[in-house]
Amino acid sequence: MKQIKYILVLCFFAITSCDLLDRPVYNQIESSTFYKDEKDINLAVIGAYGTLSSIYAADYVKYTELPGDNSSTVGDTGNQALIDKFIISPVNPVIESAWRNHYRCITNANEILAAIPNITFTSKAKKDQYEGEALFLRALCYFNLVRLFGDVVYVDRPISIEESQKMSRTPREKVYSDLIIPDLKAAKKQLPDNYSGEDIGRSTSGAAQTLLGKVYLTLHDYENCSIELGDLIEQERYQLLPNFADIFNPDNANHAESIFEIQYEKGYTGGSQWSCQAHSRELAATLGVSTGAVTIPTTDIIEKFDTSSARYEATIGKLPNESGKMLSHVKKHYMELSIQNHSDDNWPLLRYADVLLMYAEALNELNATPTEEAIDCINQIRRRAFAVTDTSHDLTPAELIDQQTFREVIAMERRLELCFEGHRWFDLVRTGEYMRVMNAHFERFNAGAYIVENYNDLFPIPQREIDVNPNLLPNNPGYN
């Protein structure tokens, strides 16, 4: 997908440059003269992918990992430190960027969807593909938005500036039922199963089906979740890589376990920042590049690993600072030493291990006692974690005495398997565990200096957006 990586940077700046500071980000972009033929639609779709490189840049883990118990950062007053400690306000620029970058992608997707009916395509398959890609991207962005902000502005078409300044928030339930789920159902049917050559890395039917399963799991619709993910597993289109470390090797991008990755290319404006952001600032001299300290592994997550496991070896690294003190860092994110913040480190948004974990969770919620099928899903994950083919680390029905016991096992496997990949905070909120887990975490490691309240399952609507459009009020509870 190198050609797409190169082009998406240019498209990103061309399409989003019209987003002015004095109006809502979900307004209409001036593209009426841009879309003339199939080639233009393809470039526009690639440009929409380009906005993902902005969404899944350094700020993403600041609001998906820092609020959880896997990661921490340094300081007490910086924007990311305030999120880490749940001192969150509507003027935090990290929260502002989350809102605005997602709506940039939605705006691009809406423009593409509005233009497609007026374009002549070489084949129906191509038309379906481009439309499916736009639907997938729009659904992905809205799924993130409703999980972060709750009720959000619902825009499913290009709109005028004047209209955008009058829009109010739509209940998240309606966003799920009227847009996210229908978009993903349509995308699943219209997208191809795979690509070849320079198109590798675009969204597929499997990506849409996986995301749809995750949506159902988030809504506690375990029946539909199990149907979607069970079907995907039966198709045998994806598989666990034998070597856990290979998942995150930039030279092995878009591998057999990968379902959808955010694509990055080193040396370009769209290069990945993860390698630098995942290391302590005290390691800057050791590494020879500036480091962001966004995802410093907590003592808690390090203690949860079996240090003899391949999963630990590929997840937690240790390097000496200038004084020789060994500091832990996130080894999953490849460190590119030559250019700061510009590595080939793709972001693994959807991978097959997550499918197995979600499917096991759905089956467990549907049955009073753990099923053999659900236990097998977890055992597949555990065998790979220890790099063995035997059953010495398998869980048995005798150990999993009831639904609650298996629920806790699944939660821990998710934590260990997916840590530092942007899942932890969403998992804590989805399961209703965020207050209990985080307050216990703060009590143990910070002497109870910080407190997580009931309302912290959502972030505030950015004040910057409210200033432009007061119809976004009232803000989420706890942030008024």
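Presented here is a report on the structure given in the accompanying data block. Only a predicted model underlies this, so the values are computations on that prediction, with no experimental measurement involved.

As for the pattern of salt bridges
Turning to step 1, where the next piece is worked out: What the rule picks out here adds up to 36 salt bridges.
Turning to step 2, where the next piece is worked out: Measuring nitrogen to oxygen at the nearest pair gives 2.3 Å for the salt bridge that ties Glu-361 to Arg-430. Taken together, the residues Glu-361 in helix α15 (residues 352–366) and Arg-430 in helix α18 (residues 424–430) connect sequence positions 69 residues apart.
Turning to step 3, where the next piece is worked out: What makes Glu-361 buried here is its relative accessible area of 8%.
Turning to step 4, where the next piece is worked out: Of the charged contacts, one joins Arg-383 and Asp-394 as a salt bridge, the two residues approaching to 2.6 Å between their closest N and O atoms. Placement of the pair is Arg-383 in helix α16 (residues 372–385) and Asp-394 in the loop between α16 and α17 (403–418), with a sequence separation of eleven residues.
Turning to step 5, where the next piece is worked out: By relative accessible area, which is 22% here, Arg-383 ends up partly exposed.
Turning to step 6, where the next piece is worked out: The class for Asp-394 is buried, based on a relative accessible area of 15%.
Turning to step 7, where the next piece is worked out: Sharing partners across several salt bridges, the network here consists of Glu-257, Arg-311, Lys-332, Arg-351, Arg-382, Arg-384, Glu-413, Glu-417 and Glu-421.

With respect to the packing of aromatic side chains
The geometry of two aromatic rings is summed up by the distance between their centres and the angle between their planes.
Turning to step 1, where the next piece is worked out: A full pass over the atoms with the stated rule returns 18 aromatic pairs.
Turning to step 2, where the next piece is worked out: When the centroid spacing of 5.1 Å and the interplanar angle of 50° are considered together, the rings of Trp-99 and Tyr-103 count as tilted. On the criterion of helical spacing, the pair formed by Trp-99 and Tyr-103 is a turn pair, its members being four residues apart in helix α5 (residues 93–115).
Turning to step 3, where the next piece is worked out: Ring centres of Tyr-103 and Tyr-142 lie 6.1 Å apart, and the angle between their planes is 90°; this geometry places the pair in the edge-to-face category. Here Tyr-142 lies in helix α6 (residues 124–149) and Tyr-103 lies in helix α5, a separation of 39 residues in the sequence.
Turning to step 4, where the next piece is worked out: Of the residues examined, Tyr-103 reaches a relative accessible area of 0% and is grouped as buried.
Turning to step 5, where the next piece is worked out: With a relative accessible area of 0%, Tyr-142 lands in the buried category.
Turning to step 6, where the next piece is worked out: Linked through ring pairs, Phe-86, Trp-425, Tyr-434, Phe-442 and Tyr-450 together constitute an aromatic cluster.
Turning to step 7, where the next piece is worked out: Sitting over the ring of Phe-143, Arg-147 keeps its end group 3.7 Å from the ring centre.

Here is what the cut-offs are and how they apply
The numbers attached to residues start from 1 for each chain and follow its sequence in the written order. Where totals are concerned, whole chains, interfaces and linings use all residues; where local detail is concerned, this predicted model gives features only for residues with pLDDT of at least 70, and gives and counts side-chain atom pairs only at 80 or more. Hydrogens and water molecules were not included; the side-chain quantities draw on all heavy atoms of the structure. Take a side-chain nitrogen of Lys or Arg and a carboxyl oxygen of Asp or Glu: if they are within 4 Å of each other, that pair is a salt bridge. Helix and strand assignments follow DSSP, with helices taken as H or I runs no shorter than four residues and strands as E runs no shorter than two, numbered in order from the N terminus. Three exposure classes are used, based on accessible area relative to the maximum for each residue type with a 1.4 Å probe and protein chains only: buried under 20%, partly exposed in between, and exposed over 50%. Planes of paired rings set the category: under 30 degrees apart is stacked, over 60 is edge-to-face and the rest tilted, where pairs are Phe, Tyr or Trp rings (Trp by its six-membered ring) whose centres lie within 6.5 Å. When the NZ atom of lysine or the CZ atom of arginine is within 6 Å of a ring's centre and also within 35 degrees of its normal, the charge is said to sit over that ring.

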